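Close look at the chain arrangement
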Amino acid sequence: MLLGMYSQGPMNTTLVPPVSARSALLSLLLGAQPPQLPGREIVAAMKLIGFSESTTRVALSRMVASGDLVRADALYTLSERLIARQESVRTPEFRTWTGTWEMAVVTTTGRSAPERVALRADMARQRVGELREGVWMRPANLQRGWPDRLQAVSSCFEASPLGDPVELAQKLWDLDEWRRLALRYLDELDAATDEPTRFVTMVAAVRHLQTDPLLPTELLPDDWPGQALSTTYDDYRAWLASMREHP
């Protein structure tokens, strides 16, 4: 099961640890459309969230050297391997749910440990849960197909389970825990009194948002906070963009 995706560790007075300059830069660029920004806008935005210009310049240089960023003139752009992360932040389009479920059954054998880890990460990005080892599924309510790389190692189906779909969803995801943490993030964001605190909390909240299973309403607990957290993130991105343009 994907319960490990929701584990944030013990929560004390705050939900999140400090954010590094690299993580902050990635979050800024992942929130930009397209994922590129001029150096001066990056410096201004990083100052707003508590990073000095010298710290930002050092982090930018290191990220270019490591291949995380590509620099052309004064523009910094996410590398192709990191752009895929941007897709996981965006909420897929929904389609009408008719009661069917998507299922992927892993059929290849002899995969190495790194290959198995990569496959699990790919499945997580598809917002599917693991019913048992090698059997992944979710309600068929999203407008997206199975990537070729997953179809190469598994057989994919749409099927209608005979049992209670609410119980099945609860087996695949710890929905009560996801809801509890999302509400806590919303409370932390509402209570933040300075921009650095709000930013690092938003970074952690977005990571949590990426694990929202995006289930049909019929399968969710009451007062599901997924949309509220997504709207909060969209509003924050818009505010950050306005601050970059008018520092």
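As a starting point, this report considers the structure included with it. Just so you know, these numbers come straight off a predicted model, no measurement behind them.

Remark: helix α1 (residues 21-30) packs on helix α3 (residues 53-66), axes separated minimally by 9 Å, with the N-to-C direction vectors making an angle of 75°. Here α1 is positioned roughly perpendicular relative to α3, judged by the angle of their axes. Contacts between α1 and α3 pair Ala21, Arg22, Leu25 and Leu26 from the former with Thr55, Thr56, Ala59, Leu60 and Met63 from the latter. A per-class count over the contact of α1 with α3 returns 6 nonpolar, 2 polar and 1 charged.

Scanning the model with the defined rule gives 2 aromatic pairs in all. Relative to tryptophan 224, the ring of tryptophan 178 has its centre 4.8 Å away and its plane inclined at 15°; by these criteria the two rings are stacked. Here tryptophan 178 is found in helix α8 (residues 175-191), whereas its partner tryptophan 224 is found in the loop between α9 (195-209) and α10 (226-245), with 46 residues between them in sequence. Residue tryptophan 178 shares its accessibility class with tryptophan 224, and that shared class is buried. The aromatic ring of tryptophan 146 is capped on one face by arginine 144, whose charged end is 5.6 Å from the ring centroid. The ring of tryptophan 239 carries the charged tip of arginine 198 above its face, separated from the ring centre by 4.7 Å.

Let us look at α3. A rise of 1.5 Å per residue sets the reference length of α3, with its 14 residues, at 20 Å; its end C-alpha atoms lie 20 Å apart and thus fit the reference within 8%. Of the positions making up α3, those classed as buried are Thr56, Ala59, Leu60 and Met63. Summarising the axial view, the buried residues of α3 lie within an arc of 105°, below the 170-degree limit, and thus occupy one face. Exposed positions of α3 whose direction lies more than 90 degrees from the buried face are Arg62 and Ala65. The inward-facing, buried residues of α3 abut α1, α2 (39-48), β2 (69-72) and β3 (75-78). At the exit of α3 stands glycine 67, carrying a positive phi of roughly 90°.

Looking now at the pairing of β3. Only one face of β3 is covered, namely the one carrying Tyr76 and Leu78; the face carrying Leu75 and Thr77 has none of its residues buried. The pairing of strand β1 (residues 36-38) with β3 spans 3 bridges and is classified as antiparallel. What sits directly across from leucine 37, in β3, is tyrosine 76. In terms of strand pairing, β2 meets β3 through 4 bridges, oriented antiparallel.

Once that is clear, we can look at the packing of α2 against α3. Their axes nearest at 9 Å, the elements α2 and α3 cross at an angle of 130°. Classified by the interaxial angle, the pair formed by α2 and α3 is oblique. By crossing handedness, the relation of α2 to α3 is classed as right-handed. Two secondary-structure elements touch here, α2 through Gly39, Ile42, Val43, Met46 and Lys47 and α3 through Glu53, Thr56, Arg57 and Leu60. Residue classes in the contact of α2 with α3 are distributed as 4 nonpolar, 2 polar and 3 charged.

The next subject is unusual backbone geometry. Despite not being glycine, leucine 214 has its phi angle at roughly 55°, a positive value. Note that leucine 214 resides in the loop between α9 and α10. Overall, leucine 214 belongs to the buried group, its relative accessible area being 8%. One non-glycine residue, aspartate 223, lies in positive phi territory at about 55°. As for its position among the elements, aspartate 223 is in the loop between α9 and α10.

Conventions adopted
- Residues numbered from 1 in each chain as written.
- Predicted model: local features only at pLDDT ≥ 70, side-chain atom pairs only at ≥ 80, totals over all residues.
- Heavy atoms only, no water.
- Axes fitted to C-alpha atoms, helices over the stretch in contact; angles between N-to-C directions.
- Helix = DSSP H or I, 4+ residues; strand = E, 2+ residues; numbered from the N terminus.
- Parallel < 35°, antiparallel > 145°, perpendicular 65-115°, else oblique.
- Contact = heavy atoms within 4.5 Å.
- Nonpolar A, V, L, I, M, F, W, Y, C, P; charged D, E, K, R; others polar.
- Phe/Tyr/Trp six-rings, centres within 6.5 Å; stacked < 30°, edge-to-face > 60°.
- Buried < 20%, exposed > 50% of the residue type's maximum accessible area, 1.4 Å probe, protein only.
- Lys NZ or Arg CZ within 6 Å of the ring centre and 35° of its normal.
- Expected span 1.5 Å × (residues − 1).
- Arc of directions from axis to C-beta.
- Pairing = 2+ DSSP bridges.
- Left-handed = near helix turned anticlockwise from the far one by under 90°.

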